[in-house]
Structures are given as structure tokens and as C-alpha cells.
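Spelled out from the first residue to the last, the chains are:
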Amino acid sequence: MKKAVINRETEKLELHFDKADYQSLPAEDKAAIKSCFLWSRTASAWVSRAKWPHTYAAEKLAERLGFDKPEKEGDRLTFAEKVEREADRAEARADRMDARADRAEKTAEALQKPMNDHHGDIAFFTQPNINTSAGRAFTRYRNRVYEQFDRGIEEYRKSEYYRQRAETARETAAGEKYNDTGYLARRIKETEKTVRDIRKLIDHFTGLLTRLENGETLTHFDGTPVTLEWIDERGVDACERLEAAEDKLAWLKNRLEEIGGVRFSAENVKPGYIVKVAHHGTFEVLKTARQNFTGKCTTTGMPLVFAFAEITEIVKAEEKTPETHPFKVGDAFTVRVYANGYTKPPVKVVWTVTRTTDKSVFLENENGDKITRRPFKETWRENEWGMTIQDTSDGTVYKSSTTT
């Protein structure tokens with residue numbers, strides 16, 4: 001039996017063939033299979049590492065090995081069912097890790113028992129090596145005790161490693177990430193993009209179908225003709241992917257609403273507020289946008305950008321009065337200008353501020369050229385403002401707000 005199957009339930013590509021067929025393959029083909037697939041005793045087949053629709057490399061390998069076009073079997077799980085299955089598997093994994101930790105701990109105790117039995121026996125540890133048959137036997141025994149004790153330490157470390165893995169698995173089983181508004185908001189944003197991309201792909205296939213029906217001849221990059229069967233197959237796959245993505249998006253949005261939704265936005269978070277960001281600490285809000293805000297860490301001073309969904313609470317709600325940039329009418333700045341594709345030496349040009357507003361600066365050079373720029377507050381330098389006149393090494397100029 002030689003059969004390729006896409007299991008809708010696991011979303012994996014499975015290769016079913018006899019052991020004799022596998023044994024007869026050359027070494028390079030066996031290595032290629034192991035690079036794209038893992039052997040599953042449950043499925044009694046080689047199962048792809050990647051999930052559909054990212055199984056292109058695995059499908060190409062199956063085609064090269066002589067497998068027919070993969071058939072789809074089983075029913076697709078809803079995203080809610082996937083979450084439930086993920087929790088069940090994580091719980092089972094946690095139990096396995098705990099069992100391994102217990103075994104490692106018992107092994108460590110057994111290995112270190114001889115050393116512990118000699119606890120308080122000073123002569124055992126201080127007796128010198130004696131070059132007699134009894135003395136050499138004692139030395140070998142003591143060395144074995146030392147070696148066993150060292151192996152016991154490694155077993156204790158292994159036990160601690162398995163305990164940590166069990167703890168991580170139980171956090172997964174408890175669905176902690178689905179109680180994090182920041183995590184849900186990021187996944188929603190990603191899934192919305194996926195839905196948009198798949199819809200564009202479906203529109204593309206629809207356009208190709210219309211062009212073929214109108215008698216136009218279409219070819220792929222390799223020159224092979226685009227057929228109705230190829231468009232229909234890709235269209236069906238895209239529709240299945242769209243259905244799965246929309247199901248996932250609906251579940252994530254519902255879950256976000258269940259835990260209270262996104263409580264913070266530019267309407268209730270203002271520059272100057274001190275907010276707590278999940279997994280990152282407290283930040284002073286520097287500026288806000290529609291979905292994100294820029295904050296400065298209160299401990300390190302590092303500026304970072306976060307989504308409002310990452311905020312867990314407002315520590316201090318004191319709004320700062322917006323600062324005004326220090327650029328004034330008459331300020332002059334000299335920058336270098338490159339012409340003709342950087343083939344000639346740069347020329348220094350003086351730009352003079354002719355007018356300012358709260359957010360913009362209007363400049364003019366000696367040639368009569370006029371530009372408008374928007375200054376920005378430098379986050380790494382205290383009381384420093386910058387303004388990019390042009391995109392060169394010295395094209396950004398700076399001025400301190402404390403300059404008189």
C-alpha cells in the first residue's frame with residue numbers, strides 16, 4: 001500500500017507505505033523523509049512536521065517518491081475543539097513529565113545513597129590511597145561512590161527540568177494565554193490579516209477563472225497552462241482556509257469579550273500616565289495612537305511600543321501638558337545635499353525656519369526651496385527635540401527645549 005493522505009482532523013500530511021518499501025529507499029530519500037516527516041505509531045504512518053496549508057515541501061517530496069496526489073480524509077475540527085484538544089494533550093504531557101521527574105528523583109536518591117550512608121564517617125573521606133589489594137579495592141569503591149553521587153546530581157537536575165516542563169504544560173492546559181487580553185488582541189490582529197489575504201487570493205482565482213472563460217490563454221511561471229481544474233482545486237483549498245480562519249477569528253473575539261474586552265484606549269490613557277504592561281512592568285506613556293502607545297520604562301528608561309490591550313492597570317493617572325517644540329523663526333541649520341546619484345561631492349545648504357505651528361515647522365533655503373517638517377521628541381535624550389530635514393547622515397537636526 002502506497003498512499004498520501006491529508007488528515008483534516010490533524011491538518012497533517014500522512015504517508016502510508018509498507019516497511020519493505022521504506023527499507024528499499026536509498027539513504028538520501030530516507031534522510032529527506034525524516035527531514036519533513038515524523039513516524040507516528042498512532043497513525044502507523046509518516047506524518048508531516050508542518051500543518052496544512054504549509055505542507056508544500058512535504059507534498060513535493062511525496063510526489064518525487066512516487067505517491068499519488070494526496071487525498072483529504074476526516075472532518076476539520078473547529079477552533080474550539082482544537083483548543084480543547086490542546087488542553088487535553090497538554091494535561092497528558094504534564095502527567096508524563098511528572099512521572100519522568102519522579103523516576104529521575106528516585107534514581108538520584110539511589111545513586112547518592114552510598115555517599116549519604118557514609119555521612120559523618122570522616123575516615124572514609126580522608127583515608128589515603130594504600131597500595132595493597134585491600135587498599136586499592138577500597139579506593140575503587142570510594143571512586144565509584146563519588147561517581148554515583150555526581151550522576152545523582154545530574155538526575156536531580158533532570159528531575160527539575162521535567163518539573164518545569166510539567167508546569168509549563170499545565171499552564172497550557174489551563175488556557176492561561178486565552179485569559180490574556182494582549183495575547184488575544186495580537187492573535188485577532190494576525191487572524192484578521194489572514195482572512196484579508198485569503199479573500200484577496202479567492203478574488204485572484206475568480207479573476208483567473210473569468211479570463212479563462214473569456215477565451216484568454218494563461219500560463220504558470222514555468223510555462224505550463226493554467227487549467228480550470230487547477231483553479232478549482234486551489235479555490236476549494238482557499239475556501240476551506242477562509243472558513244477555518246473565520247471560525248478562529250470568531251472564537252478569539254468571543255473569548256476577548258468574555259474576559260472583559262480591551263478596557264484601555266487613547267480615550268482613557270493620556271501622555272504622562274503610569275501604566276502596568278503585562279510581562280514588562282510599569283511604563284510612562286509618552287504618546288498615544290489609535291491602537292498603540294509609546295511608553296518609557298520607569299526602571300530602565302527604555303522606550304517601547306505596546307498595544308493598549310497589553311495594559312493591565314493604570315498605576316497613576318496624571319496627564320502631562322503636551323510639550324512644545326523649541327524650533328523658532330530665524331533658526332538656521334546647515335545640512336549636506338548630494339546630487340546626481342552621489343556622483344559629486346556634497347553641497348552644504350542652509351535651511352532657515354520661516355514659520356512654526358504647534359506641530360509643524362516651515363523652512364526655506366537660499367535657493368527659494370520650501371519644505372514643511374514635523375519635529376519629534378527624542379526619547380533617548382532628555383529635553384531634546386529632533387527634525388529630519390532630509391534623509392542623509394546629517395539630515396536630522398536637534399535642538400534642546402532648554403535652549404534660550
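Use the structure listed above.
The structure contained in this document is the topic of the report that follows. (Residues numbered from 1 in each chain as written. Predicted model: local features only at pLDDT ≥ 70, side-chain atom pairs only at ≥ 80, totals over all residues. Heavy atoms only, no water.)

What follows is about the environment of Phe17. Along the chain, Phe17 turns up in strand S2 (residues 12–17). On the accessibility criterion, Phe17 (14% relative accessible area) is buried. Note: C-alpha distance between Phe17 and Ala245 (228 residues apart in sequence) is 32 Å. (Helix = DSSP H or I, 4+ residues; strand = E, 2+ residues; numbered from the N terminus. Buried < 20%, exposed > 50% of the residue type's maximum accessible area, 1.4 Å probe, protein only.)

The next subject is the pattern of salt bridges. Per the counting criterion, the structure on display carries 32 salt bridges. Residue Asp98 pairs with Arg170 through a salt bridge whose shortest N-O separation is 2.6 Å. With Asp98 in helix H4 (residues 79–117) and Arg170 in helix H6 (residues 133–173), this pair connects stretches of sequence that are 72 residues apart. Each of Glu91, Asp95, Asp98, Asp102, Glu105, Arg163 and Arg170 takes part in one network of salt bridges that share partners. (Salt bridge = Lys/Arg side-chain N within 4 Å of Asp/Glu carboxyl O.)

Let us look at the sheet that holds strand S3 (residues 37–40). With respect to topology, five strands assemble into an open sheet ordered S3-S4-S2-S1-S5, the strand pairing being mixed. Either end of the sheet is taken by a strand with one partner, and the two such strands are S3 and strand S5 (71–73). Each neighbouring strand pair of the sheet contributes to a mean axis angle of 35°, computed without reference to strand direction. Direction of pairing for S2 relative to strand S4 (residues 45–51): antiparallel, over a ladder of three bridges. For Glu14, the partnering residue across the bridge sits in S4 and is Val47. With respect to the sheet, helix H3 (residues 56–64) is in contact with strand S1 (2–7), S2, S3 and S4, its orientation differing from that of S2 by roughly 20°. (Pairing = 2+ DSSP bridges. Axes fitted to C-alpha atoms, helices over the stretch in contact; angles between N-to-C directions. Contact = heavy atoms within 4.5 Å.)

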